[in-house]
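Structure at a glance
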Amino acid sequence: MSILITNIKQLLQVHEANVNILKGADMKTLPILENAYLYIENDTIIEFGKMEDCKDMEAETTIDATGKIVLPSWCDSHTHTVYAGNRTSEFVDRISGLTYAEIANKGGGILNSAELLQKTSEDDLYAQSIKRVNELIAMGTGAIEIKTGYGLTVEAELKMLRVIKRIKQESLAVIIPTLLAAHAIPKEYKDNKQDYIKLITEQLIPEASKLNIAHYIDVFCEEGYFDINDTEAILKAGLEHHLRPKIHVNQFNVLGGIALGTKYNALSVDHLEELNDSDIEALNNTETIPVALPGCSYFLSIPYTPARALIDAGLPLAIATDYNPGSAPSGNMNFVVSAACVKLKMTPEEAINAATINGAYAMGISNMYGSITRGKKANLIITKPLNDYTEIPYTFAHNPVEQIIINGQLL
Ligand code: NIG
Ligand code: FE
């Protein structure tokens with residue numbers, strides 16, 4: 001199977017030598033080839049260059065991309081796409097003035113989603129979730145991290161992991177599973193949180209590891225959820241079973257979770273709406289990437305992650321949707337790229353880098369995804385006709401995607 005895309009107006013994120021991550025000032029550069037071609041064989045990018053150099057090239061399928069832009073598909077490194085139902089009633093409560101914390105304290109929030117998910121059959125949960133994944137793919141996402149965390153019992157967390165595994169098998173998109181059993185304290189454990197932590201560290205982590213069904217371990221490190229000591233215990237247990245941390249930190253309060261994450265070589269620390277100087281210092285000279293989730297800030301009306309402070313300190317940054325029923329019920333990466341520009345004051349180049357190569361890094365897959373590089377997987381967006389790539393964030397809440405290629409297959 002071979003595909004030749006010709007007359008590409010702008011081919012974005014072109015790297016002759018492989019890149020895995022872009023940091024600080026390097027994020028300002030988005031390498032572009034104008035009037036280009038791209039040649040794919042099976043699932044792999046084989047060749048690209050200027051149109052004048054592809055005269056004798058032939059392929060089984062040729063796509064004329066006149067007026068269109070081609071770029072790596074979006075890499076969404078933080079989602080909770082597997083959930084049951086939705087939380088529209090809480091949405092209305094928040095419009096009427098209740099905060100996210102007030103709703104959670106009333107027994108709503110994550111516990112509300114967990115109650116429903118526990119009652120939902122595995123087949124129904126799969127059907128609801130694969131529908132969402134297919135919608136994300138149609139909006140240009142080619143790789144998606146999906147977390148558990150709405151099960152909150154051994155049985156229901158494993159059900160979520162099996163649903164994620166089934167999505168991974170049935171969908172063309174790259175799916176990365178993360179165990180987030182430490183997402184909230186279940187009602188039954190309200191007065192004995194340590195017993196729930198034991199259940200995670202002594203039963204769930206070993207079982208998930210035995211089944212080889214999760215890549216990463218996550219914890220919601222936040223006041224009213226899991227404190228620094230709880231988080232440390234869970235990260236340690238995860239690492240003993242080869243689950244590297246990717247954690248929720250600094251969403252509402254600064255507890256020191258970023259330094260804890262870097263101490264345990266977290267792949268990513270996510271949210272960071274609240275950030276101080278020592279958090280930025282803790283990230284220096286580490287392999288941990290910060291991840292901003294502007295859709296969550298938008299939906300909850302909370303501060304946006306100070307992206308400029310992070311990037312201007314020389315750090316890398318990824319952006320992701322946080323797609324979930326409570327704080328970000330949208331998995332549209334095009335919106336996230338636009339919000340990163342408008343609200344996080346990132347340039348279009350920085351935002352596209354954050355949503356492609358750096359998003360791939362935050363999932364541990366940037367050796368094969370996230371840039372147009374020979375030998376990397378062919379996961380691509382072909383846009384509708386556009387004058388320039390800056391129109392992608394400019395026309396916010398539009399879908400610029402016309403066609404997508406995932407692992408070499410045209411959809
Ligand atoms: O990343 N903050 C914790 N978890 C999710 C929200 C989960 C929910 O409200 O259902 C987040 O924002
Ligand atoms: Fe999240």
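Refer to the structure printed above.
What this report covers is the structure whose coordinates are included nearby.

Criteria and thresholds
Residues numbered from 1 in each chain as written. Chains lettered and ligands numbered in written order. Predicted model: local features only at pLDDT ≥ 70, side-chain atom pairs only at ≥ 80, totals over all residues. Heavy atoms only, no water. Salt bridge = Lys/Arg side-chain N within 4 Å of Asp/Glu carboxyl O. Buried < 20%, exposed > 50% of the residue type's maximum accessible area, 1.4 Å probe, protein only. 1 Å grid on protein atoms, 1.4 Å probe; cavity = no way out; pocket = protein on both sides within 12 Å on 5 of 7 lines; lining within 4 Å. Points joined across faces, edges and corners; volume = space filled by probe spheres on them. Nonpolar A, V, L, I, M, F, W, Y, C, P; charged D, E, K, R; others polar. Near = heavy atom within 4 Å. Polar contact = N/O pair within 3.5 Å; in protein donor to acceptor, adjacent residues only side chain to side chain. Areas by Shrake-Rupley, 256 points an atom, 1.4 Å probe, with all protein chains shown as cover. Donors = N, O, S within 2.8 Å, 3.2 Å for Na, K, Ca; no water. Helix = DSSP H or I, 4+ residues; strand = E, 2+ residues; numbered from the N terminus. Axes fitted to C-alpha atoms, helices over the stretch in contact; angles between N-to-C directions. Parallel < 35°, antiparallel > 145°, perpendicular 65-115°, else oblique. Contact = heavy atoms within 4.5 Å.

Let us now look at the pattern of salt bridges. Tallied over the full model, the rule gives 19 salt bridges. Of the charged contacts in the structure, one is a salt bridge between Glu90 and Arg87, with a shortest N-O distance of 2.8 Å. Given the relative accessible area of 8%, Glu90 is considered buried. Overall, Arg87 belongs to the buried group, its relative accessible area being 6%.

Bringing empty space enclosed by the protein into the picture now. Space left empty within the atom packing is revealed by a probe, the size of a water molecule, rolled over the atoms. Enumeration according to the criterion identifies two cavities of 30 Å³ or more in this entry. Roughly 100 Å³ of volume is contained in the largest cavity. A class-by-class count of the residues in the lining of the largest cavity yields four nonpolar, eight polar and two charged. Taken as a whole, the second largest cavity encloses approximately 40 Å³ of empty space. Contributing to the lining of the second largest cavity are Pro72, Ser73, Cys75, Ala143, Met368, Tyr369, Gly370, Ser371, Lys377 and Asn379. Of the residues assigned to the lining of the second largest cavity, the class counts are five nonpolar, four polar and one charged.

Time to look at the site of ligand 1. Tyr100, Tyr150, His183, Gln251 and Ser327 are the nearest of the 15 residues found near ligand 1. A distance of 2.5 Å separates an oxygen atom of ligand 1 from a polar atom in the side chain of Ser327. Here ligand 1 loses 100% of its free accessible area of 330 Å² to cover by the protein chains. Classifying every residue of the shell around ligand 1 by side-chain character gives four nonpolar, nine polar and two charged.

Of the protein atoms, only His78 (NE2), His80 (NE2), His248 (NE2) and Asp322 (OD) coordinate the iron ion (ligand 2), at distances of 2.0 to 2.2 Å. Linear spacing of the donor residues for the iron ion (ligand 2) on their chain is H-x1-H-x167-H-x73-D. Here Asp322 lies in the loop between strand 13 (318–319) and helix 12 (333–342) and His78 lies in the loop between strand 6 (74–76) and helix 1 (88–95), a separation of 244 residues in the sequence. The class of His78 is buried, set by a relative accessible area of 0%. For Asp322, a relative accessible area of 1% corresponds to the buried category.

Running from N to C, helix 6 (residues 193–210) and helix 7 (residues 228–240) point in directions that differ by 10°, and their axes come no closer than 9 Å. Accordingly, the angle class assigned to the pair helix 6 and helix 7 is roughly parallel. Residue-level contacts link Lys193, Gln194, Ile197, Ile200, Thr201 and Ile205 of helix 6 to Asp230, Ala233, Ile234, Ala237 and Gly238 of helix 7. Considered class by class, the residues forming the contact of helix 6 with helix 7 number six nonpolar, three polar and two charged.

Tracing the backbone through its elements, the reader meets Arg374 in the loop between helix 14 (357–361) and strand 14 (380–383). Sequence separation between Arg374 and Asn18 is 356 residues; the distance between their C-alpha atoms is 8.2 Å. Residue contacts for Arg374: discarding those within four places in its chain leaves Glu16, Ile45, Ile46, Glu47 and Phe48. Side-chain polar atoms of Arg374 contact the side chain of Glu47, separated by 2.6 Å.

With that settled, the discussion passes to the side chain of Ser113. Tracing the chain through its elements places Ser113 in helix 3 (residues 110–119). Under the relative-accessibility criterion, Ser113 is labelled buried at 3%. A distance of 2.6 Å separates polar atoms of two side chains, one belonging to Ser113 and the other to Arg87. Leave out the neighbours within four places in its chain, and Ser113 touches Arg87, Tyr150 and Pro325.

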